[in-house]
Amino acid sequence: MIINERGIRHEAAMEIAKRMMVAARTAPKGKGVDIIETAAITDEDIRALSAKMKEIGQETGMHFFLRDAENILSAEAVVLVGTRQQVQGLDCAYCGFARCAQKPQDTPCAINAIDVGIAVGSACSVAADHRADTRVMFSAGMAAQQLGLLEGCRQVIAIPVSISSKNPFFDRKPKEGQP
């Protein structure tokens, strides 16, 4: 039997995406409280995410959303990592308020944001260990958050995953009018 690499790319990318979600789950968390959520999307969900990114880019004038919307269409999967909002009660003032009780409810707890960053780093390290191409995307994360792809989550970050001869998320050309 001959197994051609081209025939297993999607399967390999999905296995890597699954392992990335496991890495995000097992990443260290502030106070040991697990409020991280992860998911992987493919196919029509990637196309819906791309459409939402284009909508945001056109509404806001942030042209990198348009560029990134095209980029994710080259992905086999997009891993989403987000956090449910939960004040950690550390009175650390990282959010800008001296005490947690002073923080407005809509202001995210900074520890939650740190947890997302650590989880994203862990997920990306798995992709790197498997030599899969990725890129951390705030733009796709914001669109995923607006679409409710990680229900109840804020501060969502997206990581498209590709297996190809050239990383489609590197050396990206800016869209027209973008600095």
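The structure we're discussing is the one just above.
On a predicted model such as this, the values are computed, not experimentally measured, just so you know.

The rules behind the values
Residues numbered from 1 in each chain as written. Predicted model: local features only at pLDDT ≥ 70, side-chain atom pairs only at ≥ 80, totals over all residues. Heavy atoms only, no water. Pairing = 2+ DSSP bridges. Helix = DSSP H or I, 4+ residues; strand = E, 2+ residues; numbered from the N terminus. Contact = heavy atoms within 4.5 Å. Axes fitted to C-alpha atoms, helices over the stretch in contact; angles between N-to-C directions. Buried < 20%, exposed > 50% of the residue type's maximum accessible area, 1.4 Å probe, protein only. Core = buried A, V, L, I, M, F, W, Y, C linked by side-chain atoms within 4.5 Å. Expected span 1.5 Å × (residues − 1). Bend = angle between axes of the 7 residues up to and from the residue. Polar contact = N/O pair within 3.5 Å; in protein donor to acceptor, adjacent residues only side chain to side chain. Left-handed = near helix turned anticlockwise from the far one by under 90°. Nonpolar A, V, L, I, M, F, W, Y, C, P; charged D, E, K, R; others polar. Patch = residues over 30% accessible without salt bridge, like charges linked within 9 Å, V, L, I, M, F, W, Y side chains within 5 Å. Areas by Shrake-Rupley, 256 points an atom, 1.4 Å probe, with all protein chains shown as cover. Salt bridge = Lys/Arg side-chain N within 4 Å of Asp/Glu carboxyl O.

## A look at the sheet that holds strand S3 (residues 133–134)
So, step 1. In space, the four strands of this open sheet follow the order S1-S2-S4-S3, with antiparallel pairing throughout. If you trace the sheet from one side to the other, it starts and ends with strand S1 (36–41) and S3, each paired once.
So, step 2. Across seven bridges, strand S2 (residues 77–84) lies against strand S4 (residues 153–162) in antiparallel orientation. Looking at S4, one finds that Ala-77 is bridged to Val-161.
So, step 3. Together, S2 and S4 form the strand contacts of helix H5 (residues 138–147), whose direction differs from that of S4 by roughly 125°.

## Digging into unusual backbone geometry
So, step 1. In this model, Asp-91 sits at a positive phi of 50°, which is unusual for a non-glycine residue.
So, step 2. The backbone of Arg-131 shows a phi angle near 60°, a positive value even though the residue is not glycine.
So, step 3. Summarising the element assignment, Arg-131 is placed in the loop between helix H4 (110–129) and S3.
So, step 4. Classification of Arg-131 as exposed rests on a relative accessible area of 67%.

## Remarks on the nonpolar core
So, step 1. In terms of nonpolar packing, the biggest core is built from 24 residues, with Met-20, Val-79, Val-81, Ala-119, Val-120, Ile-159 and Val-161 touching the most fellow members.
So, step 2. At the level of elements, helix H1 (5–26), S2, H4 and S4 are the ones that each hand at least two residues to this core.
So, step 3. Per-element tally for this core: the top contributor is H1, with eight residues.
So, step 4. If near-sequence neighbours (up to four positions away) are discounted, Ile-159 is found in contact with Met-20, Ala-77, Val-78, Val-79, Val-81, Val-120, Ala-123, Cys-124, Thr-134 and Arg-135.
So, step 5. Within the second largest apolar cluster, 21 residues are counted, among which are Ala-69, Ala-143, Cys-153 and Ala-158.

## Overview of H1
So, step 1. If you check H1, its first and last C-alpha atoms are 30 Å apart, about what 22 residues at 1.5 Å a residue would give, namely 32 Å.
So, step 2. The largest bend in H1 amounts to roughly 30° and is located at Glu-11.
So, step 3. All of the buried residues in H1 are Ala-13, Met-14, Ile-16, Ala-17, Met-20, Met-21, Ala-23 and Ala-24.
So, step 4. Between the side-chain oxygen at the start of H1 and the backbone nitrogen of Arg-6 there is a gap of 2.7 Å, and the oxygen is on Asn-4.

## Topic: the packing of H1 against H4
So, step 1. Interaxial distance between H1 and H4 falls to 8 Å at its minimum, and their mutual angle equals 145°. In this structure, the crossing between H1 and H4 has a hand that is right-handed. Taking contact as the criterion, the partners of Ile-16, Arg-19, Met-20, Ala-23 and Ala-24 in H1 are, on H4, Ala-119, Ser-122, Ala-123, Val-126 and Ala-127.
So, step 2. The residue makeup of the contact of H1 with H4, split by class, is eight nonpolar, one polar and one charged.

## Topic: the side chain of Thr-83
So, step 1. Along the chain, the position of Thr-83 falls in strand S2.
So, step 2. Classification of Thr-83 as buried rests on a relative accessible area of 0%.
So, step 3. Not counting residues up to four positions away in its chain, the partners in contact with Thr-83 are Ile-35, Ile-36, Asn-112, Val-116, Gly-152, Cys-153, Arg-154 and Gln-155.

## With respect to the environment of Ile-118
So, step 1. Checked against the element boundaries, Ile-118 lands in helix H4.
So, step 2. For the pair Ile-118 and Ala-132, spaced 14 residues apart in the sequence, the C-alpha separation amounts to 19 Å.
So, step 3. For Ile-118, the residues in contact, after removing those within four places along its chain, are Ala-27 and Pro-28.

## Here we look at a nonpolar patch on the surface
So, step 1. Side chains of Met-1, Ile-3 and Ile-8 sit close together on the surface and give an oily, nonpolar patch of about 390 Å² of accessible area.
So, step 2. Structurally, the position occupied by Ile-3 is in the segment before H1.
So, step 3. Overall, Ile-3 belongs to the exposed group, its relative accessible area being 58%.

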